[in-house]
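# Chains, contacts and geometry: an overview
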Amino acid sequence: MPRPARLPACVAVTRCATVRTVMAHGVQHGWCFGTSDISTAFLSSSLEEGLEIWVEFPEGAKHYDESGRELYAKLKKSLYGLNQAPRNFYYHAAGIFKDIGFKQSQSDECLFTYDGPEGQVILRLYVDDMFYACSNEKTMEWVRKKLSDRFKITHFDNPGQFVGMDIEWKRNRATLC
């Protein structure tokens, strides 16, 4: 089987200014902050429609047909190490956020906002990590439940650092350092 040309593997990455703006808005309005790590992010997303990816079996596990030709495996889902895995996960996650009711920003495609009866949420995705600001604790519980229903995920309160920015907490108030 001939090796195909390398497929594009670009994934949208949020701008640092967006993260700072979300944090500043949340601090100014006394919002709750949280981060979440999606444990099996790259294993949960399907491949793009019409895309076929064939992989070689590792040494010691090779398979051959009756004529001795080497066999390859066709992937049904993304896996770690695949160049397209971050991009596939991004599209998968964006679809889930939209299903929950989030709107995607036109200026930063990794930024999602929600404004509904549960409250307001500003969420930004960074590869397989999320940072979010919620208008109140009840909204924080709601968004975490919605995300946990769709992903294997670990949640953290009052993050001390995110994407190289330090966050100092005093009496449930955050200060950007």
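Below you will find a few notes about this structure. (Residues numbered from 1 in each chain as written. Predicted model: local features only at pLDDT ≥ 70, side-chain atom pairs only at ≥ 80, totals over all residues. Heavy atoms only, no water.)

### Focus on the packing of helix α2 (residues 85-100) against helix α3 (residues 137-150)
For the pair α2 and α3, the least separation of the axes is 11 Å and the interaxial angle reads 130 degrees. Of the possible angle classes, the one that applies to α2 and α3 is oblique. Crossing geometry of α2 relative to α3 is assigned as right-handed. Every residue of α3 that contacts α2 at Ile-96, Phe-97, Asp-99 and Ile-100 is listed here: Trp-142, Lys-146, Leu-147 and Arg-150. (Axes fitted to C-alpha atoms, helices over the stretch in contact; angles between N-to-C directions. Helix = DSSP H or I, 4+ residues; strand = E, 2+ residues; numbered from the N terminus. Parallel < 35°, antiparallel > 145°, perpendicular 65-115°, else oblique. Left-handed = near helix turned anticlockwise from the far one by under 90°. Contact = heavy atoms within 4.5 Å.)

### A few points about the pairing of strand β1 (residues 32-38)
Most of β1 is tucked away, with 6 of its 7 residues classed as buried. Here β1 runs beside strand β7 (residues 129-134); their pairing, made up of 6 bridges, is antiparallel. In the strand pairing of β7, Cys-32 is matched with Cys-134. (Buried < 20%, exposed > 50% of the residue type's maximum accessible area, 1.4 Å probe, protein only. Pairing = 2+ DSSP bridges.)

### Things to note about the nonpolar core
Core analysis: the largest hydrophobic core is formed by 25 residues, its most contacted members being Phe-97, Phe-102, Leu-123, Met-130, Leu-147 and Phe-151. For this core, the elements supplying multiple residues, two or more each, are β1, α2, β5 (111-116), β6 (119-126), β7 and α3. Excluding residues within four positions of it along the chain, Phe-97 makes contact with Phe-102, Phe-112, Leu-123, Leu-125, Met-130, Leu-147 and Phe-151. (Core = buried A, V, L, I, M, F, W, Y, C linked by side-chain atoms within 4.5 Å.)

### Description of the pattern of salt bridges
Tallying each qualifying case throughout the model produces 6 salt bridges. The partner of Lys-62 in a salt bridge is Glu-70, and the shortest N-O contact between them spans 3.2 Å. On the accessibility criterion, Glu-70 (26% relative accessible area) is partly exposed. With a shortest N-O distance of 3.1 Å, Lys-145 and Asp-149 are connected by a salt bridge. Of this pair, Lys-145 and Asp-149 both sit in helix α3, separated by 4 residues, roughly a single helical turn. Put simply, Glu-56, Glu-59, Lys-62 and Glu-70 are held in one network by salt bridges that share partners. (Salt bridge = Lys/Arg side-chain N within 4 Å of Asp/Glu carboxyl O.)

### Side note on α3
Spanning 14 residues, α3 covers 20 Å between terminal C-alpha atoms, matching the ideal 20 Å at 1.5 Å per step. For α3, the full list of buried residues reads Thr-139, Met-140, Trp-142, Val-143, Arg-144 and Leu-147. Its buried side turned inward, α3 meets β1, α2, β5, β6, β7 and β8 (153-157). One side-chain oxygen of the residue at the start of α3 lies 3.1 Å from the amide nitrogen of Lys-138, identifying that residue as Asn-136. (Expected span 1.5 Å × (residues − 1). Polar contact = N/O pair within 3.5 Å; in protein donor to acceptor, adjacent residues only side chain to side chain.)

### Topic: the environment of Ser-39
Within the fold, Ser-39 resides in the loop between β1 and β2 (54-56). Residues Ser-39 and Asp-128, spaced 89 residues apart in sequence, show a C-alpha to C-alpha distance of 8.0 Å.

### Concerning the side chain of Asp-65
You can see Asp-65 is positioned in the loop between β2 and β3 (72-74). Polar contacts involving the side chain of Asp-65 include one to the side chain of Ser-67, which spans 2.9 Å.

### Concerning the pairing of β7
Counting buried positions along β7 gives 5 out of 6 residues, so the element sits mostly inside the fold. Across 6 bridges, the pairing between β6 and β7 is antiparallel. Bridging from a neighbouring strand, Leu-123 pairs with Tyr-132 of β7. Hairpin connection of β6 to β7: 2 residues between the antiparallel strands, including Val-127 at a positive phi of 55 degrees.

### Quick word on the packing of aromatic side chains
All told, the structure shown has 7 aromatic pairs when counted by the stated rule. Every member of this aromatic cluster is reached through a ring pair, and the members are Phe-97, Phe-102, Phe-112, Tyr-114 and Trp-142. (Phe/Tyr/Trp six-rings, centres within 6.5 Å; stacked < 30°, edge-to-face > 60°.)

### Focus on the sheet that holds β1
An order of β4-β5-β6-β7-β1-β8 is seen for the 6 strands of this open sheet, with the pairing classed as antiparallel. The outermost strands of the open sheet, each flanked by one partner alone, are β4 (103-104) and β8. On top of the sheet, α2 reaches β1, β4, β5, β6 and β7; it is set at about 175 degrees to β6, its chief contact.

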